[in-house]
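Coordinate analysis (summary)
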Amino acid sequence: MFSFPVFDSAFYLVAAPVLILVAGSLVALMQSVFKPISGQGAVELVTTGSIAAALLAGLAMPGSLQDFVAGALLSGALSRFGVILILAVALVVCLMMREHHIAKAFFRGEVASIFLMLLSGMLVMVASDDVVTLFVGLELASIGLYVVLGYIQPNRRSQEGAIKYFILGSVGAAILLFGFALLYAACGTLRLSEMVAALPAVANHGWAQLGGMLVLAGIGFKMALVPFHMWAPDAYESAPTGITAFMATTVKVMVLVVALRMFTAAAVSMDDVWQPGFIVLAALSMIVGNVMALVQTNLKRMLAYSSIAHSGYMAVAIVALSAAGATLPVRAILFYLLTYVIVSLGAFGVLMALETAENDQLTVDDLSGLSKKSPWVALALTVFMFSFGGMPPTAGFIGKFFVFNAALNNHLYGLVVVGVIGSSISLFYYLRLVVRMYMGESAGAPFGAIRPVSRIFSVNSGVMAFAVIATILLGTVLPGVAMERLNRAATEVARK
Amino acid sequence: MDALYAIPQLMFYLLAGLVAISSLMVVTSRNPVTSAIFLVLDLFFVAALYAKLDAHFTAAIQVLVYAGAIVVLFVFVIMLLNLKPDALRGIRFSVGEAVVLLVTLIGFVIIGAELASPVPEGLPAGPLSVAAIEEAGGNTHVLAMRMFTSFLWPFEIASILILLAIVACVMVARKEKPESGKHNLKAGAGR
Amino acid sequence: MEWFNSHILSILTFFPLLVSAAIFLVPGENFARTAALGGSILTFLFSLHVWHYFDPASAKLQFVESYIWMQEFGVRAIFGIDGISLLLVMLTTALMPLVLLSLWNSHYKHLRQYIGLIMALQTGMIGALVAVDLVFFYVFWEAMLIPMYFIIGIWGGARRIYATTKFILYTVVGSLLMLAAAIALYLNYYRQTGIYSTSLLDLYSVSLDPRTQMWMFAAFALAFAIKVPMWPFHTWLPDAHVEAPTAGSVILAGVLLKMGTYGFLRFAIPLFPLALQTFAPVLIFLGIVGIIYGALTAWVQKDAKKLVAYSSVSHLGFVVIGSVAILADGTLSSEGLTGALYQMINHGVSTGALFLLVGVIYERRHTRMLADFGGLASVMPWFAVMLIVATLGSVGLPGTGGFVGEFLILLGTFQASPLAGVLAATGVLLGAIYMLTLCRQILFGPVKHEENKSLKDLTPIEFAYLAPLAILVIVMGIFPDFFLNKTRASIDHLARNYKSYSLGVEGH
Amino acid sequence: MSVPVENYFLLSSFMFLCGLLGVMFRRNLIMVLMSIELMLNAVNIIFVAASRQLGQVDGQVMVLFVITVAACEAAVGLAMVIALFRRYGTVNTDFLRLLRG
Amino acid sequence: MIWWMILFPLIGAALNGLVFRKAPKAASHAIAVAAMLASFVCAALTFKQFMEAGGQAQVIRGFPWISAGGFSAPFNLILDRLSGLMILIVTGIGSLIHIYAGGYMHEEERTSRFFSYLNLFVFMMLLLVLGDNMLVMFVGWEGVGLCSYLLIGYWFQDDANAAAGMKAFIVNRIGDIGFLLGIFLTFKHFGTVSFSELRDMIGSGALDAVKLGAVGWITLCLFIGACGKSAQLPLYVWLPDAMAGPTPVSALIHAATMVTAGIYMMTRVNFLYFLSPGTMQVVAVVGGLTAFFAATIALVQNDIKKVLAYSTVSQLGYMVMACGVGAFDAGVFHLLTHACFKALLFLGAGSVIVAMHHKQDMQEMGGLRKYMPVTHGVFLVGVLAIIGFPGLSGFFSKDEILWKTFVGGGPLMWGLGAVTAGMTSFYMVRLLCLTFYGPNRSDHHTREHLHETPALMWAPLVVLALLSAGVGYLGVPEVLGGHNLFHHYLDPVMMVPQQAAEHWAFMAEHHSHSLEIGLMAGSVGIMFVASGLAVALYSRGPAAVLSGLQSRFKGAYDMLSNKYYVDEIYDAWIVQPLRDMSAFLWGIIDVVVIDGIVNGVGQLCALAGGLASFRMTGSVHRHGMVLVMGLVVLLVVLVT
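Residues numbered from 1 in each chain as written. Chains lettered and ligands numbered in written order. Predicted model: local features only at pLDDT ≥ 70, side-chain atom pairs only at ≥ 80, totals over all residues. Heavy atoms only, no water.

This part is about the packing of aromatic side chains. If you walk through the whole model with that rule in mind, you get 97 aromatic pairs over all chains. Relative to E:Phe156, the ring of C:Phe444 lies with its centre 5.4 Å away and its plane at 40°, an arrangement referred to as tilted. Placement of C:Phe444 in the loop between helix H19 (418–443) and helix H20 (460–478) and of E:Phe156 in the loop between helix H5 (134–152) and helix H6 (159–190) is noted, with the two residues assigned to different chains. For the pair shown, C:Phe444 and E:Phe156 are each scored as buried. Ring geometry for E:Phe333 versus E:Phe486: centroids 4.9 Å apart, planes at 35°, classification tilted. A residue pair is termed long-range when its members are at least 10 positions apart, and E:Phe333 in helix H15 (residues 328–355) and E:Phe486 in helix H20 (residues 485–490) qualify at 153 residues. (Phe/Tyr/Trp six-rings, centres within 6.5 Å; stacked < 30°, edge-to-face > 60°. Helix = DSSP H or I, 4+ residues; strand = E, 2+ residues; numbered from the N terminus. Buried < 20%, exposed > 50% of the residue type's maximum accessible area, 1.4 Å probe, protein only.)

Set out below in structure tokens:
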């Protein structure tokens, strides 16, 4: 009944990234108090260093499925995937932050400490099989995000965004919790894997069904699926761009990993609840996200709506999860996620490279004539837009290919048609940027110039270049390899 | 029916009624202070329910943390901000909002009907019946044992959460140096 | 040599991309011009190599290369060429040097990028023609759009953004549905065999129930119909053509449109033969409407390019009806198919020439309005010769390639359905009407505008890229068998066996 | 014979509903925060009731964590409200109209 | 040899058109004439060889041209008596006209383009007559159309000429569609389009009902083609306009050779026509009506070339009518004689036009006899030939047609022919009188420069005059003591299939000579009466009585002088509606409807987005409401 946890080397191997981050956050906290060590450089060192170290630890994580502390900590390929991806994003964002105008505000001890702690929350959530841990990790990440979103360099916009995100996020968390409570009542366990195993027996019970749907809504909320998406545009727009990039990618990774744990194995038993639920959410997201993005002029807000649409595509693959033994949908999601993360990082990286302290809310107009001012940046952004739009030979196309593949394998013809329509709409606004960059005359930005990107050897350029290359490679020669590498993570959660 | 058995039931309905009423009052009171007071009441009644469910430690924590800390914090802030009347305005309804309200209420009635299903069959009875808990050293003991074995990891994480909250509060609520909002020239430019 | 022979198609496909990359990386317009021209000529030589070693007796795929791409999904990068794609590849590689030559003295801004994109486009086009794997094909098919999108959007006319956006959105809507259908097809194959494969060689063997075929055919046909473009999905074409720069128009009309009709021959027809039975009348109807409608609308155009653009709608209507003429015994009309294929080539040559010619006068006068010209035959006699030859090729005068194509198409259609043949034959008349109107308004009559009196005749370079096309127009009319011999086996195979189509691989 | 556990659930859902309504209709940010507290509390009832029904204490453990989280949330939320008040001079949500569209 | 014959004109065309574009007039003329003479020599030699070999039809293999599926059309030539005759006409008369053209085009700056087209035309015409299958013939068929188009529009600086060329091409194309459909039908039912194979097939056995029916359609379709090329009703409208081209062109293309292609083609497939009496009746009626109809128009035209043009239409109608009654040989005979005298007339008219400084209105001419004696002389021969003056070529050929029409088509058709012959006499004599007799009506300036044309121009005319006078003796009917050589010469070309033999049996029957002579006398009488009338009215310029007549019968006169308003009717009822419809299709269907839908979908999306965006006021409550609504709906709909 009470099994005392064993903290052996295996445990520490798995927990290491979290522990390193926590340690780092404590050091950073110290830095915020002690003047002598609170220089920007020192904080940069601690932040970047601890994330890098955690990343190394994450890479060393065992890929075999094993749980520790009664399932509160879970190793395995999927956990590893999530941990590495989140840490890699964090590292890239930290590095890019150094070159951003907000760097001075970001690399303060307390901010860095919060950043590291929320990062650890994400890792906890990703590598856990336990609702309690999951919830605590989620809140850790969320509360941290509310703060870094609005208060690194507070102003009206960011504060408003933070408070809105806070309110809606808390409601979302409460809904998710409500759902878990009901599932707990129906299944009698707080461990995800056991819950999922017990679900078939109670699948028709009202508690399970309501709970399942509420969990779906909660997850949908964090994934920013319509109609639970309202927080995303505000949050994305108001946050400093680096944080937007971080949030847009890591939150999706975190939630999708949990979603895969939740829905994959249990999907069949709950098909009549979850499948239609996700179908509705996915369809709405693809349509609403794309249509709303159509009329945005603020780039970050546009990308927010576009990310809603992309969540919709991933949700399509989630719907397809219920096929027995099929790892394809899982891998489709993971692949899509991977490409989405890379491309988003690249796109937000471009924004970060272009914006200045005076002009940190870039609009479509600001991109006018970019191809002449900074041809390489324009080229990079173009590649990202084509990838978002799902045009070959970019990764975005392969991602859509796999998602449609998974969906059609499950006879989800209607969803695919909606996806196709959504894609077509999306191409319009993605291409609008390309049009502005290449085909419009440089009108002169109304609110001050964008930053000329002169330094070729900067992190920003490196990230852009990496993202471009990765996007192209994942769209041409690598998808086969990538999908094979994802197989392990997929079999872990796929229904046997 | 045996009267003895009826007492817990009556207790429940009494408490439940109180909880419901005070919950309603929390959200409908015009004055935030009133709301806060009803919130305290509400949380007390919930604690009583916990106690009735033999979750004594939880009940205690509920009173201590919620009523003792959180609500005090609320009241404190309300006082601190010394809210002007405009912030005290009550609930306004437009037609659309009324429809939303109606749909939500009806929806919850339907959902409630679904919730009121009997306990699912076939669930294994856990080892810790009330009697077993008593035997094992009481609610608090068992809870602690469970918390510090199986839930040790989240417990530790929760500590980080609290730390984060502290740091965050400090950072967020700290008085800024004179307005640095001039950064954002586009602020107010709308969407 | 052995190695070269066995990798010729991938070299052919990706060599232009390499050149394109070089052009983008090395600054300097002169390098760009030279490299592109040299590269495209070399590509043409490569394709001549293929042409030379191509075995005309075999209907199988030749020069096949197969690389694993996404192993477990059975997605492979398969290159292969048969008689049908061979001619189109040749058309592509032959047009490219001429197009690049037309840019030799041009003064576009960012000429280097322009040329680089054109070279990249060539890879897309050749790739789409030699890809034998559905997904692989799709990648090229879509990737082709991107360079074209920029070519129209950056170097185009006043309404270029509208035109290019319309162009790409129109096309993408269709092709995304095709992608969905392609995936569904591939999953069907998996369900039937337990093997994942997107190779056409395998997918031809899928047996689908008629209902499924209908849906899939509809999706494929929509994509191809938009690309062709068939009425009523054609409205992107006039806009794209009018706004596109000359080279863009030439490639668009010369090669890109053929992708649609090629798609019918390679994919829609052999993959979904049952659905074809149902849809053939619809396609023929739309084709005929396109022929007549395109011709009539071309007739009233005031803009030379728009006129030629609508003429493409009309001409490709012929190609479509020729491709789907089902005879009484259930086979496709071999004549119709041959004609369709030949007409594709011919249309590429003659319409390409027409666009180049319009470009020639546009460069001199910066207008394309027919009313701004007149009487040019007296000031630009060589130009007149070229325009007349191209016109004759376009109206299908016997002795030009256009005749062979149109004749065979009509012959095939007539055998399948006399009524359709008769209706389509009116296109021959209407074609003469609008093309001669074009000729007359540009070439004949008095020289009305003072500016036109001092126009210079063709420069040597212009002559150099127009003359081969003019010669080709005539050679194709006189020695069609030289071209048809290479494609006969493949066409006959398709015509006879499209209901249970299969493509073997030469040497396996 | 004790009270059927679903009655607790109904009570909980009612509380949750109250919380939702508060979030939806109250303009005062502090009220909104209180509503959120209400919602979390509502969930706690289910956990405790279910935990007893199931013969476990896990639900109660969960409740302890939820209370912790709620406390943190409230603290940070209130801090944000204070910060907001400093800048806007109000805690009425109607004034938060910068981000839209 | 035969290949060289074809190739010489092509080489000439290429030299003139591509290589020596800037050559001086004399050089380009020399090249063209040399090519033609060489070709004529080859033709003559070929013909000699052919006749020496017995005059049996032979197929000369070329190269495989088009083959696809079951269809194949090799580039083969057929040399038989018919094509043998035709190559002589084409190259022979072609050579003369080429020589003449050097003089006619004297005022041009350069003529290389002109001679290039002219040579190209001869090349195409040779292909037309020599093609062994319908497709090769079609190459020539459309090729001559092309040259005609180019030559009509030779003086393209004048918009009207360009328009006339286009009209010719397009109207011809209508006929060509018919030809094409004929080819399709032939291939569909017989599996071949080769004349020789087709002939063997028909000759070898009876056809079933389906094929027989098909033959009816085939012949009808081919006849539509012939109508276009040979300017029959209702497609004749292009020919009068085609007079816009230089006069040698009118002589060569629009009188002697190209326009007779229809008759040639029908003769080539006479075995098919024999099989379908129905079509034959249509052919005869259309021919007769055309002959009559065009003649009426010619009566009142004042433009010298227009008169000749309508006359040509009328004469072609004669030939078609002959074909329609089964007298293909008579048709071809008339073709031959007509080629001679009509070329002569046109060239004569050309000389007049040159002398008159390109004025073509006969009302301004008159009395040219004294200025241009040679031209007058040869022109007189030509006129006498065409009106069928006994002893000249027209007499023999026309009377043979009339006689055969009487036999095959009945008295009514004969009457039509005879009346037409009368009208022909009238308007030709009228033309002669107005041009060469009476007082000169031209202005002073023109009159001063009137003089005889150079020998380069009149010499070919003399040759043609001799031919016009003499060629008729090839076909002296038996009734006049001749042997009708021509008839026997063409006999092997004709083939009445067994199936239809009964229907055409009357052709072999012996008819009374007295009837034939009677009819002949009748037609000659008519000729004399009509000519006399014309002489009376016009020999001293237009007689005064004419204006009275004109005002008396104003309606009829206007009708005739405006050519029955056919052009106007075509324009108003066909061309304009078609153009209006095209404008509608483009302006409304394309731009408004289809593009409207396409753009509308896009705008709808943007509108929806804008609307939704507008509804989102940024209120966090509204966000919350959306969220809760979504949740409640999901829960209620999907769970319960």
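Having seen the model, we can carry on.
The subject of this paragraph is the pairing of strand E2 (residues 71–79) of chain E. Residue and element names in this part refer to chain E. E2 sits mainly inside the fold: 7 of its 9 residues count as buried. Relative to E2, strand E1 (residues 58–68) runs antiparallel, the two being bridged by 7 bridges. Note that in E2 the partner of Phe63 across the bridge is Phe75. The turn linking E1 back onto E2 is made up of 2 residues, and Gly69 within it adopts a positive phi angle of 55°. (Pairing = 2+ DSSP bridges.)

Time to look at the interface of chain D and chain B. Each partner contributes residues to the interface: chain D has 76 residues there, and chain B has 96 residues. Taken over both partners, the interface formed by chain D and chain B buries close to 7200 Å², and the fraction arising from carbon and sulfur atoms is 73%. Looking at the side of chain D facing chain B, the largest losses of area belong to D:Phe25, D:Arg26 and D:Met34, adding up to 9% of the total buried there. Linking chain D with chain B are 3 salt bridges, by the criterion used here. A salt bridge links D:Asp58 to B:Arg146; its shortest N-O distance comes to 2.5 Å. Where chain D touches chain B, the interface holds 13 residue pairs in polar contact (both at pLDDT 80 or more). Sorting the residues of the side of chain D that touches chain B by element identifies helix H1 (5–25), helix H2 (29–54) and helix H3 (58–88) of chain D as the ones contributing at least two each. It is H3(D) that contributes the most residues to the side of chain D that touches chain B, 24 residues altogether. When grouped by side-chain class, the residues that make up the side of chain D that touches chain B number 49 nonpolar, 17 polar and 10 charged. (Contact = heavy atoms within 4.5 Å. Buried area = accessible area lost by both parts, 1.4 Å probe. Salt bridge = Lys/Arg side-chain N within 4 Å of Asp/Glu carboxyl O. Polar contact = N/O pair within 3.5 Å; in protein donor to acceptor, adjacent residues only side chain to side chain. Nonpolar A, V, L, I, M, F, W, Y, C, P; charged D, E, K, R; others polar.)

Moving on, we get to the pattern of salt bridges. Going through the model one piece at a time under the given rule, you end up with 34 salt bridges over all chains. B:Arg174 is the partner of A:Glu110 in a salt bridge, and the nearest nitrogen-oxygen pair spans 3.2 Å. Of the two residues, A:Glu110 is situated in helix H5 (residues 109–126) and B:Arg174 in the segment after helix H7 (152–173); the pairing between them involves two chains. Take A:Glu110: its relative accessible area is 12%, and that puts it in the buried class. As a salt-bridge pair, A:Asp234 and A:Arg301 come within 3.0 Å of each other at their nearest N and O atoms. Linking A:Asp234 in helix H10 (residues 231–238) with A:Arg301 in helix H13 (residues 299–319), this pair joins segments that are 67 residues apart in sequence. One network of salt bridges, in which partners are shared, links A:Arg157, A:Glu160, A:Lys164, A:Asp234, A:Glu237 and A:Arg301.

Taken residue by residue, the interface counts 9 residues in chain E and 10 residues in chain B. Overall, the association of chain E and chain B removes approximately 860 Å² of surface from exposure, summing both partners, and the carbon and sulfur fraction of that is 84%. Along the contact surface separating chain E from chain B lie 0 residue pairs in polar contact (both at pLDDT 80 or more). The element contributing the most residues to the side of chain E that touches chain B is helix H27 (residues 620–639) of chain E, with 7 residues. Residues belonging to the side of chain E that touches chain B are distributed by class as follows: 7 nonpolar, 2 polar and no charged.

Further remarks concern the arrangement of the chains. Most contacts, when the 8 pairs of chains in contact are compared, are made between chains B and D. These two, chain B and chain C, are apart from each other, with no contact and a minimum C-alpha gap of 25 Å. A gap remains between chain C and chain D, with no contact made and the closest C-alpha atoms lying 25 Å from each other.

As a further point, take a nonpolar patch on the surface. Together, E:Phe584, E:Ile588, E:Val591, E:Val592, E:Val593, E:Ile597 and E:Val601 make up an exposed nonpolar region whose accessible area comes to about 590 Å². For E:Val592, the location among the structural elements is in helix H26 (residues 566–615). (Patch = residues over 30% accessible without salt bridge, like charges linked within 9 Å, V, L, I, M, F, W, Y side chains within 5 Å. Areas by Shrake-Rupley, 256 points an atom, 1.4 Å probe, with all protein chains shown as cover.)

What follows concerns the nonpolar core. Grouped together as the largest cluster of nonpolar side chains are 790 residues, with contacts concentrated most on C:Phe220, C:Phe383, C:Leu443 and D:Phe9. Setting aside anything within four residues of it in sequence, one finds C:Phe220 in contact with C:Leu134, C:Met178, C:Ala181, C:Ala182, C:Phe267, C:Ala268, C:Leu271 and C:Phe272. Core analysis: the second largest hydrophobic core is formed by 15 residues, E:Val325, E:Ala418, E:Ala421 and E:Leu519 among them. (Core = buried A, V, L, I, M, F, W, Y, C linked by side-chain atoms within 4.5 Å.)

Turning next to unusual backbone geometry. With an omega of -10°, the peptide bond running from C:Val228 to C:Pro229 counts as cis. When you line up the elements, C:Pro229 lands in the loop between helix H10 (210–227) and helix H11 (236–243). Going from E:Leu233 to E:Pro234, the amide bond is cis rather than trans, its omega being -5°. Position of E:Pro234 relative to the elements: it lies in the loop between helix H8 (209–229) and helix H9 (238–241). With phi around 55°, A:Ala70 is a residue other than glycine that occupies positive phi space. Here A:Ala70 is to be found in the loop between strand E1 (66–68) and strand E2 (73–75). Backbone geometry places E:His357, a non-glycine residue, at a positive phi of 55°. Within the secondary structure, E:His357 sits in the loop between H15 and helix H16 (373–386). The exposure class of E:His357 is partly exposed, given its relative accessible area of 39%.

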